[in-house]
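Observations on the model geometry
What follows is each chain in one-letter form.
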Amino acid sequence: MAFESNVDIEHPVHDLRTEAMKNFELKGFPSKKEEAWKYTSLNSLQKIDFSIFPKEENALEYKEVKKYFLHEIDSYKIVFIDGIYSSYLSETTHDGVDICLMSSALTKPMYRPVIDVYFNKIASKDESLTTLNTAFSREGAYIYIPKNKMPKKPVEIIHFSTGNEASLLLQPRNLIIAEENAELQVIERHQSLTSNEVLTNSVTEIFAADNAIVDYYKIQNDAENASLIDNTYIDQKSKSAVSVHTFSFGGKLTRNNLNFYQNGQHVDSTMKGVTILGNKQHVDHHTLVHHIEPNCESHQDYKGIYGENATGVFNGKIIVDKIAQKTNAFQQNNNLLVSDKATINTKPQLEIFADDVKCSHGCTIGQLDEDALFYLQSRGIPKKEARALLMYAFANNVLASVRIPEVKARINKLIAKKLGVNLGFDL
Amino acid sequence: MLKITDLHAGIEDKEILKGINLEVNAGEVHAIMGPNGSGKSTLSAVIAGKEEFEVTKGSVELNGEDLDEVSPEERAHKGVFLSFQYPVEIPGVSVTNFIKTAINESRKARGLEEMPANKMLKLIREKSELLDIDRRFLSRSLNEGFSGGEKKRNEIFQMAMLEPKLAILDETDSGLDIDALRIVANGVNKLKSKDNAVIVITHYQRLLEYIVPDFVHVLHNGKIVKSGGKELALELEEKGYDWLKNEAVV
Ligand SMILES: Nc1ncnc2c1ncn2[C@@H]1O[C@H](COP(=O)(O)OP(=O)(O)OP(=O)(O)O)[C@@H](O)[C@H]1O
Ligand SMILES: [Mg+2]
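Just so we're clear, the structure is a prediction, and the values are computed from it rather than from any experiment.

What counts and how
- Residues numbered from 1 in each chain as written.
- Chains lettered and ligands numbered in written order.
- Predicted model: local features only at pLDDT ≥ 70, side-chain atom pairs only at ≥ 80, totals over all residues.
- Heavy atoms only, no water.
- Helix = DSSP H or I, 4+ residues; strand = E, 2+ residues; numbered from the N terminus.
- Rg over C-alpha atoms; globule rule 2.2 N^0.38 Å.
- Buried < 20%, exposed > 50% of the residue type's maximum accessible area, 1.4 Å probe, protein only.
- Contact = heavy atoms within 4.5 Å.
- Areas by Shrake-Rupley, 256 points an atom, 1.4 Å probe, with all protein chains shown as cover.
- Lys, Arg positive; Asp, Glu negative; His and termini not counted.
- Charge placed at Lys NZ, Arg CZ, Asp CG, Glu CD.
- Donors = N, O, S within 2.8 Å, 3.2 Å for Na, K, Ca; no water.
- Salt bridge = Lys/Arg side-chain N within 4 Å of Asp/Glu carboxyl O.
- Patch = residues over 30% accessible without salt bridge, like charges linked within 9 Å, V, L, I, M, F, W, Y side chains within 5 Å.
- Core = buried A, V, L, I, M, F, W, Y, C linked by side-chain atoms within 4.5 Å.
- Domains from an automatic or database assignment.
- Pairing = 2+ DSSP bridges.
- Near = heavy atom within 4 Å.
- Polar contact = N/O pair within 3.5 Å; in protein donor to acceptor, adjacent residues only side chain to side chain.
- Nonpolar A, V, L, I, M, F, W, Y, C, P; charged D, E, K, R; others polar.
- Buried area = accessible area lost by both parts, 1.4 Å probe.

Description of the overall build of chain B
- Per the secondary structure count, chain B includes nine helices and 12 strands.
- For 250 residues, the compact-globule estimate of 2.2 N^0.38 gives 18 Å, and chain B sits close to it at 18 Å.
- Viewed in the frame of its principal axes, chain B has a C-alpha envelope of about 60 × 40 × 35 Å.
- Relative to its 250 residues, chain B shows a buried fraction of 55%.
- Nonlocal contacts in chain B, meaning residues at least 24 apart in sequence, comprise 69% of its contacts between residues at least 6 apart.
- Approximately 11600 Å² of chain B is accessible, and the part contributed by carbon and sulfur atoms is 47%.
- Across chain B, the 33 positively charged side chains and the 42 negatively charged ones have centroids separated by 5 Å.

Describing the coordination of the magnesium ion (ligand 2)
Residues and elements named next belong to chain B.
- Summarising the metal site, the magnesium ion (ligand 2) is bound by the protein donors Ser-41 (OG) and Gln-85 (OE1), whose distances to it range over 2.0 to 2.1 Å. Of this pair, Ser-41 sits in helix H1 (residues 40-48) while Gln-85 sits in the loop between strand E6 (80-83) and strand E7 (90-94), and the two are 44 residues apart along the sequence.
- Owing to a relative accessible area of 30%, Ser-41 belongs among the partly exposed residues under this scheme.
- Using a relative accessible area of 17% as the deciding quantity, one classes Gln-85 as buried.

What to know about the pattern of salt bridges
- Within this structure, the stated rule accounts for 29 salt bridges over all chains.
- In this structure, the salt-bridge partner of A:Arg379 is B:Glu155, at a minimum N-O distance of 2.7 Å. Taken together, the residues span two chains, with A:Arg379 in the loop between helix H7 (370-377) and helix H8 (383-399) and B:Glu155 in helix H5 (residues 148-162). Note on accessibility: A:Arg379 and B:Glu155 belong to one class, buried.
- What emerges from the salt-bridge pattern is a single network uniting A:Asp74, A:Glu91 and A:Lys153.

So, a positive patch on the surface
- Residues B:Lys119, B:Lys122, B:Arg125 and B:Arg135 make up a contiguous surface patch of positive charge.
- Along the polypeptide, B:Lys119 turns up in helix H4 (residues 117-130).

Here we look at the nonpolar core
- Counting 117 residues, the largest nonpolar core has A:Ile411, A:Ile415, B:Leu2, B:Ile4 and B:Ile90 as its most contacted members.
- Per element, the largest residue contribution to this core is 11 residues, and it comes from H8(A).
- When residues of this core are assigned to domains, at least three map to each of domain 1 (1-34 + 49-76 + 200-239 + 242-246) and domain 2 (80-163) of chain B.
- Beyond its immediate stretch of four places on either side in the chain, B:Ile90 contacts A:Ala372, A:Tyr375, A:Leu376, A:Leu390, B:Ser141 and B:Leu142.
- A:Ile176, A:Phe260, A:Val320 and A:Ala324 belong to the second largest nonpolar core, which has 35 residues in total.

Comments concerning the pairing of strand E10 (residues 213-220) of chain A
Residue and element names in this part refer to chain A.
- Counting buried positions along E10 gives seven out of eight residues, so the element sits mostly inside the fold.
- Pairing analysis gives seven bridges linking strand E8 (residues 183-192) to E10, with the strands arranged parallel. Paired with Ile-187 across the strands is Tyr-217, a residue of E10.

Digging into the site of ligand 1
All names here are of chain B.
- As a matter of local geometry, ligand 1 sits amid 16 residues, with Gly-37, Gly-39, Lys-40, Ser-41 and Thr-42 nearest to it.
- Within the side chain of Lys-40, an N or O atom sits 2.8 Å from an oxygen atom of ligand 1.
- Contact with the protein chains removes 66% of the 630 Å² of surface that ligand 1 exposes when unbound.
- Those elements that provide at least two residues to the shell around ligand 1 are strand E2 (14-24) and H1.
- Take the shell around ligand 1: its biggest share by element is three residues, from H1.
- Residues belonging to the shell around ligand 1 are distributed by class as follows: four nonpolar, eight polar and four charged.

Here we look at the environment of A:Asn120
Residue and element names in this part refer to chain A.
- With respect to the helices and strands, Asn-120 occurs in the loop between helix H5 (112-118) and helix H6 (128-136).
- Its relative accessible area of 4% is what places Asn-120 among the buried residues.
- For the pair Asn-120 and Asp-49, spaced 71 residues apart in the sequence, the C-alpha separation amounts to 28 Å.

Observations concerning unusual backbone geometry
Residue and element names in this part refer to chain B.
- In the Ramachandran plot, Asp-6 falls in the positive-phi region, its phi being about 40 degrees despite a non-glycine side chain.
- Along the chain, the position of Asp-6 falls in strand E1 (residues 2-11).
- Of note in the backbone geometry, Asn-143 takes a positive phi value of approximately 65 degrees without being a glycine.
- Its location among the elements puts Asn-143 in the loop between strand E8 (141-142) and H5.

Some thoughts on the interface of chain B and chain A
- Residue-level contacts link 32 residues of chain B with 21 residues of chain A.
- For the chain B and chain A pair, buried surface summed over both sides reaches about 2100 Å², with 65% attributable to carbon and sulfur atoms.
- For the pair chain B and chain A, the interface holds three salt bridges.
- If you look at where chain B meets chain A, you find 10 residue pairs in polar contact (both at pLDDT 80 or more).
- Among the elements of the structure, H1, helix H2 (72-77), E6, E7, helix H3 (95-109) and H5 of chain B are those that each provide at least two residues to the side of chain B that touches chain A.
- Looking at the side of chain B that touches chain A residue by residue, the class counts come to 17 nonpolar, nine polar and six charged.

Treat this as a map of the structure, not an account of what it does.
Here it is, written out as structure tokens:
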């Protein structure tokens, strides 16, 4: 890949970009030699000649893409087509809250005070893909929820790629701020509409001030040649609660770098995931929760089902600083391998420097229970449905914490579809 | 209804069933008794179609059809039901959703529409009352954390819902307290008719006082070594199995 610069010197974040570019040039793309990238290779993606800026703007009719929206409920929508904002498909607002575009937040003077305080403040300055994004990204979602506010409806951030470019590199950048006591629900989705190559290198910064509540749902059910590197950084202040649910069913290669920093006391961080893969799909979940202050909790529960030649990685790092006494950190990663050729690498990484902490972690890798399968079949449930039922049941408890019923229903449907069955009920 | 002829079956190289002959007709109740490890559960699993066991010789026929190539779910659709000696725990699937799925899959296989929700609810209410099952119980995960007796009662609840033609009850009485035994036996008796048949596997004569068998068979070392009427169960209770083991050698 080669990057041509096309930069605006006057831009308020110009210096950040220049520095990020320098850092990226220094490090280059991560290689399998690095511990954090041992099981995920970007080699084949790097060989592709991606275009960075689409040559022409593309339009989409709502009815063509309606099914990718959570159309059962009303929502704010920030929609991009090949990386370019689509005002036609979007519904933004400035009514007490700002739900709009990153590009305008970065250029309009009225947003300058917020940008100065938050932009690129929690995102890594040296992780190479994050710096690449910082250097090149121009667009994304900007959400600012002032103190004590809550938007009337959830926000959907959707990126479509139309396949009009043979191969496209997208680098969206989202900045999400929930001030004191604010509440927010976000659903993010990347959807390629053809089998052309797409690589998305996304960076999202989320700031949750005291008592703020943010629920973030990532629906990763992309087309066969779409790859995603998701870098999400979350800064939490006292008594805030942030949850991220990641549903990974599609795509070619998906890497989730999910980083929680607990910069306050009595913080609650939740990371949940359901991964169901087949073919040669690959998903790598790298989570980090850094307990910096005392009296905080973190809950991680990732379930993975791997079939055919699919490969999965779960690497969950928990750091508990010396002063972070009374930390409760839970981590669970359970996996089912439903084919002989599927693989999963799972690894907890605990760095605990405080002595008064409760920390539990467990990973399991298993197969479908033959006795359970026979039990279901003996009651008249066909093998395929019985297998699906067991897989469904295996992943089920992760959905319990999804607070938008329509999202839960949608995920249930996607799971049933992925498993190739119609079970006729939600678990 | 069921005709088993010279059935040999086992697992890997180990032969467990060594030539079983058994005929069960509609309207009959058969009891199978026999020492631990004699092959009773294996026989029931083979009848229900568990693929883990390989049939090496002989046949199992249901209403004249050889079941050799028939999957467990198809056998269920044809009316075979096995109440498991050790019911499997299935976390994440409620009893209600499970039984709904089972009933509707069977109906689908018979070319019937799904059972309407209100009819299903009524049926569930009726059968859970028959077996004195608390409604709250039905929303729990299938068998997960159920006591031994609760699991057995839940098996019979499923049987009552599915109304099988041939029910095999593998030690349904073990783990049941005296009251539960009566309730479960009563449930089984209510379902009995001239059109269906029951095979009761048990170690104890006690159950057979409630579910009275027409025939009692003794399975020993993979073979039926003695058959008789209900009085055979009493004789076994008194004498144990040793005299039969010797008889088999003779
Ligand atoms: N999956 C298996 N693998 C190996 N051996 C098995 C397997 N299942 C059963 N057996 C063996 O087959 C024999 C018969 O077992 P089975 O469970 O049928 O006995 P049973 O008559 O039901 O005994 P019990 O009265 O204790 O329930 C035993 O020796 C048992 O160890
Ligand atoms: Mg047994």
